[in-house]
Amino acid sequence: MHPESYQEMSRMVTQYLPTRRPIHVLDVGSYAVNGSYKPLFTERGCHYTGLDQSPGPNVDVVLKDPYRFPFPRNSFDVLISGQAFEHIPRFWETWSEMVRVLKPGGWIFLIAPSRGVEHRYPVDCWRFYRDGFRALGEWKQLEIIEAETRWETIWGDCIGVFRKPARTWWKGLLGRWRKPSAESNPHGPVEAPANINPSTPRIRDAEYRDWYDRPISEWALHHQAIVLAFRASWLGIPTLKNPLDAWVMQEILHEVRPDIVVEIGGGAGGSALFFCTVLEGMAHGRVVSIEADGRHWKASHPRLTLIEADCADRSVIKQVQELCAGKRTLIVHDGDHTRSAVLRDLQAYAPLVSPGSYFVVEDGIVDVLDIPGFTGEGPLAAIRDFIRNHPEFEIDKSRERYLLTYNPSGYIRRRVSP
Ligand SMILES: C[S@@+](CC[C@H](N)C(=O)[O-])C[C@H]1O[C@@H](n2cnc3c(N)ncnc32)[C@H](O)[C@@H]1O
């Protein structure tokens, strides 16, 4: 490192960072060739991590994949890099990773030469100018605080100061979305959300940038805690459903055309009324909702019957068996979400499901996300127990194609031929 670069980094640290805070700093390309920036940060009580593709002095973490940092998103308060970008063949991929691991509101201080003799460590690929740094900042929707070329220095250092926009909690509603290809089959297999490349979406509108730039888990947690608890209804009756799953149910009901839908766990009756509305549109089918605690029940519909009882009660199981005899039957489970109760109900009610129809197990999301109020194992664990011993059923993953589902692996279809 040349002295002017050290002085420039020192100036940026003093100008932009608060004094003496134990923030986390990642130095990209930290291998100490004639010195390092580390003292600038450790003197201020910061936690400094040096990252490089080669082991050596001042390197804490060695990259296995040069373009994949081994840190979760939003891990560091400050990212720095000096005299490294010119040596990185695909520096834009490194830049993507830097932005990914930077916390909202965090800073990037970048220095790279605009001129100078070839110096291969182990390669020398690029030189940079202020417009190039601006382009990098704009590409990742960063605030560009500085983008300058210091012509007076030996290497004509290009200096960049960038800031990742801070977020407000209420903007965190929607997850990432990948455009389906024209030839993709809507009923075909879906990729898990985890496979989405975080740098794929380009969010063009500034007002909605933070809104859409959120992981699907934040949408789910917000929806669960804020929207479902107070503000979700069907025709005025509280309904505890993710609207995307409700849409999937509409598609299933239309395709299966059941004579009878048995709902376990009716709540206030909003979901049962929703099923009735869809069946009404098809002019076919009835809904039987089993609800142990009818005090909150509000729904009524000519196609709807409420059984106010515990679904595990033998007499209730028998009553439902009789109602379903000879009928094309579909079951929805939204009752007690503990693993043992869901497995118990699967065992008691799954034999009623007709070939080609479904047993929909709701809310396995409690096994996936840390949702306040749920502890222990829930529906997803029960589904896995059940499916292991019931080859006549299969999990229809195509029903999870809208990506955000509260019913992971919960669309269980009875095979037409065993
Ligand atoms: C999540 S709420 C149902 C919400 C409703 N399906 C909706 O989407 O609006 C779960 C309901 O299951 C009921 N429940 C729990 N265990 C049950 C059981 N063993 N038999 C019948 N209902 C049960 C609870 O009383 C509660 O009303």
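Predicted, not measured: the structure shown is a model, and the values here were computed from it.

Cut-offs and rules
Residues numbered from 1 in each chain as written. Predicted model: local features only at pLDDT ≥ 70, side-chain atom pairs only at ≥ 80, totals over all residues. Buried ≥ 20, exposed ≤ 12 C-beta atoms within 10 Å, placed from the backbone. Helix = DSSP H or I, 4+ residues; strand = E, 2+ residues; numbered from the N terminus. Domains from an automatic or database assignment. Pairing = 2+ DSSP bridges.

## Concerning helix H3 (residues 91-101)
Inference 1: In terms of burial, H3 is a largely internal element, 8 of the 11 residues being buried.
Inference 2: Residues of H3 that are buried include every one of Phe91, Thr94, Trp95, Ser96, Glu97, Met98, Val99 and Val101, and no others.

## Examining the domain arrangement of the protein
Inference 1: If you check the domain split of the protein, you get domain 1 (3-166) and domain 2 (233-414).
Inference 2: Between domain 1 and domain 2, the C-alpha centre-to-centre distance is 52 Å.

## As for unusual backbone geometry
Note on backbone geometry: most residues besides glycine have negative phi, and most peptide bonds are trans.
Inference 1: Between tyrosine 121 and the following residue, proline 122, the backbone shows a cis peptide bond with an omega angle of -10°.
Inference 2: Unlike most non-glycine residues, leucine 235 shows phi in positive territory, near 50°.
Inference 3: Its location among the elements puts leucine 235 in the loop between strand E8 (233-234) and strand E9 (237-238).
Inference 4: The residue aspartate 363 is not glycine, and still its phi comes out positive at about 70°.
Inference 5: With respect to the element layout, aspartate 363 can be found in the loop between strand E14 (358-361) and helix H11 (365-368).

## Focus on the sheet that holds strand E3 (residues 61-62)
Inference 1: Spatial strand order, E3-E2-E1-E4-E5-E7-E6: 7 strands in an open sheet with mixed pairing. Sheet topology places E3 and strand E6 (143-149) at the edges, where each strand pairs with a single neighbour.
Inference 2: For strand E4 (residues 76-82) and strand E5 (residues 102-113), the ladder comprises 6 bridges, and the chain directions are parallel. By the bridge assignment, glycine 82 is partnered in E5 with isoleucine 111.

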